[in-house]
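The lines below spell out each chain.
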Amino acid sequence: MQEKINEIEQQIDEAVQDVQSSKSLQEIKLKFLGRTGKISELMKNMRDVPPEQRPSMGKLLNALRQWTEEKFNAIEKRLKDIELKKRYSDEKIDVTLPGRAAADGAYHPNTLVVNELVSIFSGMGFEVFEGPEIENDYYNFTALNTPADHPARDMQDTFYLAPELLLRTQTSAGQIRVMENKKPPIKILSPGKVYRSDDDATHSPMFSQMEGLVVDKGITLCDLKGMLDEFAKKIFGEGVKTRLRPSYFPFTEPSVEVDVSCFECGGKGCRLCKGTGWIEVLGAGMVNRRVLEGCGIDPDIYTGFAFGMGVERIAMLKYGINNMKLLFEGDTRFLKQFKG
Ligand code: PHE
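A brief structural summary. (Residues numbered from 1 in each chain as written. Predicted model: local features only at pLDDT ≥ 70, side-chain atom pairs only at ≥ 80, totals over all residues. Heavy atoms only, no water.)

1. What to know about the overall build of the chain
Across its full length, the chain carries 12 helices and 10 strands. What you see for the chain is a C-alpha radius of gyration of 44 Å, clearly larger than the 20 Å of a compact globule of 340 residues, by over 25%. In terms of its C-alpha atoms, the chain occupies a principal-axis envelope of roughly 130 × 45 × 35 Å. For the chain, the proportion of its 340 residues judged to be buried stands at 41%. When the accessible surface of the chain is totalled, it reaches about 19600 Å², and 52% of it is carbon and sulfur. One finds the centroid of the 46 positive side-chain charges in the chain at a distance of 6 Å from the centroid of its 50 negative side-chain charges. (Helix = DSSP H or I, 4+ residues; strand = E, 2+ residues; numbered from the N terminus. Rg over C-alpha atoms; globule rule 2.2 N^0.38 Å. Buried < 20%, exposed > 50% of the residue type's maximum accessible area, 1.4 Å probe, protein only. Areas by Shrake-Rupley, 256 points an atom, 1.4 Å probe, with all protein chains shown as cover. Lys, Arg positive; Asp, Glu negative; His and termini not counted. Charge placed at Lys NZ, Arg CZ, Asp CG, Glu CD.)

Shown next, in the form of structure tokens:
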């Protein structure tokens, strides 16, 4: 028996000699200690041993089993330590490495202006209304006191989609939609894209407007002027004044063109204001009674003013952009400069 035991011990020593991983150690372990392993087989053979020899044999076998278990445990611990260290170094994360920065974009100057205008006017109590870009002839023209044969239709070269359907040429179309659905007091701001068949250095077939409409009892041109003064100071700077010049729009009466005093030269005259000291920024006027009537609002009780401005124009003035095309080309070298 002792011989057998020595033999097994030797086999174990050989088997574990160059074991490299805890996994292969596990396999070796099974060969000796598993249910059908060599040591277990020996244990089973105890049945055939004469009873008087059993105690001493049992001792020997138990000692063998203990020796084997301890040996495997020691090797297993050593291998697991090595494996763990390897995992630590393989899966190491350098938490001090700088993160991958997200490329931050910039708002388009138009968006900056629209956001600023919305913020200025909502501070004065205006609500935002967005009308559709595809409009009926009725909302874009007829209801705005511009019937089919009206010469003012030629002022705006229209893209027609069908005889009655067009790409809106002005956000003023939204005025009608608002007044049809809401009764005074009305105070809305309506930003959006508009389309005109016009394309040269200073015109784009698509551009953006910002419309405003106020209707209530007792609204006068003075209210418009006061509101414009406030708007001009907020968007172009304190000290900027406004002036009204007579103009014509079918849907306002009287109609005005609104200038602001040149914020570049303070009104002395420079290149920006072409020496006049004034810069034109928007069109406006008192809502024409016929327009109010058409929307079911009694013009003897209610009056209102409307204004409309070109967003690109405001952006160009505000940011000193000398070429309108820059606002449409999407060149990131230009747009990057507007990072907040
Ligand atoms: N809709 C006019 C335009 O596009 C601007 C405007 C709006 C004028 C509101 C008066 C009142 O030219």
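Next, the rest of the story.
2. Let's talk about the environment of E69
With respect to the helices and strands, the residue E69 is situated in helix 4 (residues 54–90). With 40 residues separating them along the chain, E69 and K29 place their C-alpha atoms 8.5 Å apart.

3. Overview of helix 8 (residues 221–236)
With 16 residues, helix 8 extends 22 Å between its outermost C-alpha atoms, agreeing within 8% with the 22 Å of an ideal straight helix rising 1.5 Å per residue. Within helix 8, the full set of buried residues consists of L224, M227, L228, F231, A232, I235 and F236. One side of helix 8 holds all its buried residues, which, seen down the axis, span an arc of 140°. Summarising the contacts, the buried residues of helix 8 are in contact with helix 5 (109–123), strand 7 (242–249), strand 8 (252–261), strand 9 (278–287), strand 10 (303–310) and helix 10 (311–319). A side-chain oxygen of the first residue of helix 8 lies 3.1 Å from the backbone nitrogen of C222; this N-cap is T220. Once helix 8 ends, the next one or two residues include G237, with phi positive near 120°. (Expected span 1.5 Å × (residues − 1). Arc of directions from axis to C-beta. Contact = heavy atoms within 4.5 Å. Polar contact = N/O pair within 3.5 Å; in protein donor to acceptor, adjacent residues only side chain to side chain.)

4. Section: the sheet that holds strand 6 (residues 206–216)
Sheet strands line up and pair through hydrogen bonds in the backbone, either parallel or antiparallel. If you walk across this open sheet you meet the 7 strands as 1-5-6-10-9-8-7, and the pairing is mixed. Unpaired on one side and paired on the other, strand 1 (127–128) and strand 7 mark the two borders of the sheet. Two elements, strand 5 (residues 186–195) and strand 6, share 10 bridges in a ladder whose sense is antiparallel. From the neighbouring strand, P191 faces strand 6, where its bridge partner is M210. The strands that helix 10 touches are strand 6, strand 9 and strand 10; relative to strand 9, the one it contacts most, it runs at about 150°. (Pairing = 2+ DSSP bridges. Axes fitted to C-alpha atoms, helices over the stretch in contact; angles between N-to-C directions.)

5. Digging into the pattern of salt bridges
Taken as a whole and judged by the stated rule, the model has 18 salt bridges. Note that K318 is salt-bridged to E116, the shortest N-O span being 3.3 Å. Residue K318 is located in helix 10, and its partner E116 is located in helix 5; the two are separated by 202 residues in the primary sequence. Since its relative accessible area comes to 27%, K318 is described here as partly exposed. Salt-bridge contacts for E230 lead to K234; the nearest nitrogen and oxygen are separated by 3.3 Å. One end of the pair is E230 and the other is K234, both in helix 8 and 4 residues apart, which spans about a single turn. The network of salt bridges with common partners includes R243, R245, D259 and E280. (Salt bridge = Lys/Arg side-chain N within 4 Å of Asp/Glu carboxyl O.)

6. Topic: the packing of helix 1 (residues 2–17) against helix 4
For any two helices packed against each other, the geometry comes down to the angle between their axes and how far apart the axes lie. It is the contact of helix 1 with helix 4, at a shortest axis distance of 11 Å, that shows an interaxial angle of 5°. Considering their axes alone, helix 1 and helix 4 lie roughly parallel with respect to each other. Judged by residue contacts, Q2, I5, I8, E9, I12, D13 and V16 of helix 1 engage L60, L61, L64, W67, T68, K71, F72 and I75 from helix 4. Class assignment of the residues belonging to the contact of helix 1 with helix 4 gives a composition of 10 nonpolar, 2 polar and 3 charged. (Parallel < 35°, antiparallel > 145°, perpendicular 65-115°, else oblique. Nonpolar A, V, L, I, M, F, W, Y, C, P; charged D, E, K, R; others polar.)

Geometric descriptors of this kind do not, in isolation, establish any biological role.
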